[in-house]
2 protein chains.
Amino acid sequence: MYLGYDWQVLSSEQDAFRCMAPPPAPQTMKERILQTADKLFYLQGIRAIGVDTIAAEVGISKRTLYNHFPSKDALIAAYLERRFVAQRPSDKPPAEQILATFDSLERRFAAKDFRGCPFVNAVAELGPADRAVKKIAVAFKESRRLWFRDRLSELGVTDADALATQLVLLVDGSIAQDLVRDDPAMARAAKEAAKVLLRNAGVDVGGNDSAV
Amino acid sequence: MYLGYDWQVLSSEQDAFRCMAPPPAPQTMKERILQTADKLFYLQGIRAIGVDTIAAEVGISKRTLYNHFPSKDALIAAYLERRFVAQRPSDKPPAEQILATFDSLERRFAAKDFRGCPFVNAVAELGPADRAVKKIAVAFKESRRLWFRDRLSELGVTDADALATQLVLLVDGSIAQDLVRDDPAMARAAKEAAKVLLRNAGVDVGGNDSAV
DNA sequence: TTTTGGTTACACAGACCTGTGTACTTAGGC
DNA sequence: GCCTAAGTACACAGGTCTGTGTAACCAAAA
């Protein structure tokens, strides 16, 4: 669901390119700063990381950082905007796409550097006063919900809207649970629940193991 | 699910006692500090609030605060431990208890001072390094899951364990969604999804509106 | 009355934070 | 060679933070 901060991961979610040597320094300074800020903000918390730390990690002076971003707030906003990437279109059948979401989630949970949803974390950390952060977080959550809704509509589900909301609850619930428990099984549990909900809405999700 | 920081709310979830006048100062100094710390930590964030702010809000000197808590970390731990209150036993049938959880959640969402789950927020804010915080957060989440599991066992559900996990996903998912969207409808959506999951497990939850 | 325990007021150390100012260097384009 | 743009090094202002040290105060117990 969330693309990684690493450029390699960002360039392609497939593992095929993962080991390709990156061109020495093809990135702009702004992008280099954002990559480092992303890593530190996400893994350690926005409030926990100072601009000095980011500049030092990039290997630049603090002055240079402030030449590219007018303030830390601007850097935070850019960090979140960069995290907000659209989901790639897929040829697979919609039901498969929906369920694949949870598999992808499980893979992310298994990675040692998964630390929950950056948008939820930012809202939790920065408080309700920070309207800019809240706005982008809402937009992100809604975009994910609409993605589910569109897949469900393709499947001819009657109340795609309501079911889409229920599915994002499972997604965010498993993220929150994994954040505190470090247990990728939460993604599998979410997937099983999603299957029940889908089946209940008349969607064929294969292998009807659990009968009523 | 989470009892409020307010002593009145803490003393009883029912509204009956809400307007009872509190005894002028029956509380110990420690409790007064914890009440204020709870309010500020929860509403504005642990990192956002300094000990000076807490002391000033209580109306005591910072020295007094440090005479009761050796460090801010100790205060944070006490804050979370105080939030970790057991669920009251109930006479109502288990299925009703389970669904009532989501109604209670919806009421909390509607309150303007709801700011998500304090345990999840603390983990998100303080990072994975803070083992003490993580430990109590895990314990809390598991206690809630076990509560669901026990109710499901009473209902004779076969795989109570797995279903309990799915239900806490809905709870935490709705909390996370409400945190960013401020939309109590998330609790209703979670309740509807819970009904489907329960029904699928053979539990009678009344009004079988949505057919397979 | 004296003692004792909790409290207050206040200063302060030492660290960290964001953001700015300034003078120097370095590399590329003209 | 010269000019410009970008980056560097570094100091610093002004603020916040946690935590401590100290002397005075006050009320209740002995």
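Scroll up a little and you will see the structure.
Residues numbered from 1 in each chain as written. Chains lettered and ligands numbered in written order. Predicted model: local features only at pLDDT ≥ 70, side-chain atom pairs only at ≥ 80, totals over all residues. Heavy atoms only, no water.

### Some details on the interface of chain A and chain B
Note the cut-off: Should any heavy atoms of two residues lie within 4.5 Å, those residues are counted as being in contact. Buried area is understood as the total, over both parts, of accessible area removed when two parts are fitted together, assessed with a 1.4 Å probe. Basic side-chain nitrogens of Lys or Arg form a salt bridge, by our definition, when they fall within 4 Å of a carboxyl oxygen of Asp or Glu. In protein, a polar contact means a hydrogen-donor-capable atom and an acceptor-capable atom, both N or O and within 3.5 Å, with residues adjacent in sequence counting only if both atoms are side-chain atoms; elsewhere, any N or O pair within 3.5 Å suffices. Under the DSSP-based scheme used, a helix requires at least four consecutive residues in state H or I and a strand at least two consecutive residues in state E, with every element numbered from the N terminus.
Each partner contributes to the interface: chain A provides 44 residues, whereas chain B provides 43 residues. Among the residues of chain A in contact with chain B, Leu169(A), Val180(A) and Asn200(A) are the three that bury the most area, contributing 17% of the side total. Connecting chain A to chain B are four salt bridges. The closest approach of N and O atoms between Glu142(B) and Arg181(A), which form a salt bridge, is 2.1 Å. For the interface between chain A and chain B, the tally reads nine residue pairs in polar contact (both at pLDDT 80 or more). Among the elements of the structure, α2 (29–44), α7 (118–126), α8 (131–154), α9 (160–181) and α10 (185–200) of chain A are those that each provide at least two residues to the side of chain A that touches chain B. With 13 residues, the top contributor of residues to the side of chain A that touches chain B is α9(A).

### Observations concerning helix α8 (residues 131–154) of chain B
Put simply, the test is: How far a helix is expected to stretch is found by multiplying one less than its residue total by 1.5 Å. Each residue gets one of three labels from its accessible area relative to the maximum for its type: buried under 20%, exposed over 50%, partly exposed in between, using a 1.4 Å probe on protein chains only.
For α8(B), with 24 residues, the first-to-last C-alpha span of 34 Å sits near the 34 Å given by 1.5 Å per residue. Burial in α8(B) covers these residues: Val133(B), Lys134(B), Ile136(B), Ala137(B), Phe140(B), Lys141(B), Arg144(B), Arg145(B), Trp147(B), Phe148(B), Arg151(B) and Leu152(B). The inward-facing, buried residues of α8(B) contact α9 of chain A together with α5 (72–83), α6 (94–110), α7 (118–126), α9 (160–181) and α10 (185–200) of chain B.

### Some remarks on the protein's contact with DNA strand D
Which entries qualify depends on this criterion: A cutoff of 4 Å decides nearness: a residue is near a molecule or strand if any of its heavy atoms lies inside that distance of it.
Near DNA strand D lie 16 residues; those nearest to it are Thr64(A), Val51(B), Asp52(B), Lys62(B) and Lys72(B). Each atom of DNA strand D within 4 Å of the protein belongs either to a base or to sugar and phosphate, the latter forming 49%. At 2.7 Å, a side-chain N or O of Thr64(A) approaches a phosphate oxygen of DNA strand D. In the model, a phosphate oxygen of DNA strand D is placed 3.1 Å from a nitrogen or oxygen of the Tyr66(B) side chain. Of all elements in the fold, only α4 (62–68) of chain A together with α3 (51–58) and α4 (62–68) of chain B reach the threshold of two or more residues within the surface near DNA strand D.

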